[in-house]
Structure formats: C-alpha cells, structure tokens
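Residue-level listing of the chains:
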Amino acid sequence: LVDVSALAHIQKRRFIERLLLQKKAGPLALLTADGETTQFFYLDQCVFDVGIAGLNECVQHLTGNELHESDDAQKLAGNILETLGTRCAHWNEDGIAMALSATKDPRLEHRFAVLDLEHFGHPARAVVKSDDSPTDVRYTPGAEVATAADLSPIERLRIESRFHSLLGHGSPTRIAAPDSETSPASVANFSTAAM
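Residues numbered from 1 in each chain as written. Predicted model: local features only at pLDDT ≥ 70, side-chain atom pairs only at ≥ 80, totals over all residues. Heavy atoms only, no water.

1. Section: the packing of helix α1 (residues 2-21) against helix α3 (residues 71-93)
Part 1: With their axes 10 Å apart at the nearest point, α1 and α3 run at an angle of 35 degrees to one another. α3 is crossed by α1, and the crossing has right-handed handedness. Of α3, the residues touching α1 (which contributes Val2, Asp3, Ala6, Leu7 and Ile10) are Leu84, Arg87, Cys88 and Trp91.
Part 2: Across the contact of α1 with α3, the residue classes tally to seven nonpolar, no polar and two charged. (Axes fitted to C-alpha atoms, helices over the stretch in contact; angles between N-to-C directions. Helix = DSSP H or I, 4+ residues; strand = E, 2+ residues; numbered from the N terminus. Left-handed = near helix turned anticlockwise from the far one by under 90°. Contact = heavy atoms within 4.5 Å. Nonpolar A, V, L, I, M, F, W, Y, C, P; charged D, E, K, R; others polar.)

Following this line, the structure appears as structure tokens:
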C-alpha cells in the first residue's frame with residue numbers, strides 16, 4: 001500500500017511540476033519565482049504524507065486487543081509503523097520524500113470504515129468504532145488510542161507517545177479537558193507530568 005501511495009504521490013508531483021512551469025500564467029503563480037520576487041514554494045523540499053488511520057483497529061483485529069489493552073498490541077503497532085516507515089524510506093532513496101503521518105480528516109476514517117464494512121462484513125464490524133449509529137462509523141485516527149478507552153490523560157499520552165517518533169510530524173495526542181470541570185492548576189499539573 002505504501003508503494004501504491006508513492007506512485008500516486010509521483011503522479012501528483014508531476015502534475016504540480018507542470019503547473020509550476022506555467023509561472024505567472026498558471027494557477028500557482030503566487031508560489032513561483034519570477035526573478036523579481038522571492039519564491040515561496042520549492043517542490044524538491046516537499047514531503048508527501050502517507051496517512052495512517054485505524055492502527056488501533058488493525059491490532060485489535062490481529063491480536064484481539066486494542067492499543068490500550070495489551071503490550072502485545074502496542075508492540076505489533078510499533079512493528080507495523082516501523083515496516084511502513086522503512087518502505088517510505090525506500091522511496092525517499094528513489095527521489096520522492098515520503099513520511100508517515102496521522103490522518104487529519106475524519107472523513108477519511110469514516111470512509112475507510114464504511115469501505116471495510118462493505119467488503120469485509122463481520123470482521124470489520126467487530127472493530128469499527130461508532131456512537132451507536134449505523135451511519136457514524138469510523139476508525140481511530142493515526143496511532144491514537146480509542147476515544148472511548150477508559151484511561152487517565154497521562155496514561156493515554158504514555159501509550160500514544162510510543163508511536164510519535166514513528167509517525168513524524170503531525171501526530172497529536174488528544175486530551176479532553178472540559179472547561180467547566182478543569183481547573184488551571186490541573187492543566188498545569190498535567191503539563192508538568194507530561195514532560
């Protein structure tokens with residue numbers, strides 16, 4: 001799948017190159033240098049993301065446990081990300097900079113879950129997340145722990161931070177902090193503990 005993604009990124013890069021060659025006459029005129037102004041965009045410095053979604057559900061399907069439920073699930077998740085990262089590094093050597101990242105669009109997590117439900121039925125139903133609505137199905141973004149997991153914020157951070165270096169840029173840990181229930185002191189305490 002990383003190879004398929006790389007081929008798609010190569011096509012995207014070629015398309016962008018053609019647009020940039022049009023200079024002032026093209027739709028990306030603001031990004032190109034015309035000799036009088038500074039260039040704002042350098043295609044050779046671009047990194048093409050390979051978005052990760054549903055890692056939690058993947059290891060749940062393979063091990064029977066979600067990320068927060070066992071060390072084996074966490075080890076498998078790390079191995080999967082390392083393997084995907086190695087494949088991205090192969091393409092980096094071939095001239096297209098690719099990096100793993102967490103998906104940033106909930107519509108992708110929903111779309112992947114819907115497609116898996118259509119094609120794989122029962123095995124997908126066993127792991128897909130929903131809020132008791134058949135239309136609100138999704139996978140967990142990136143290498144995050146399921147939102148419904150009963151974990152303290154610091155435990156959630158401990159588990160997810162194991163994968164941050166493997167995902168590169170854009171791998172957040174989301175901590176819910178309702179305004180009415182969260183004091184400034186508790187936020188400060190969490191920040192100190194997280195460091």
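Read on, since the account is not over.
2. As for the confidence of the model for the protein chain
Part 1: Looking at the protein chain, pLDDT values average 86 and 91% of them are 70 or higher.
Part 2: By mean pLDDT, the top-scoring element of the protein chain is helix α2 (residues 55-63) (97), and the lowest-scoring one is helix α7 (residues 184-194) (71). (pLDDT = per-residue confidence, 0-100.)

3. Describing unusual backbone geometry
Part 1: Phi angles above zero are rare outside glycine, and lysine 23 is one such case at about 45 degrees.
Part 2: Within the secondary structure layout, lysine 23 lies in the loop between α1 and β1 (48-52).

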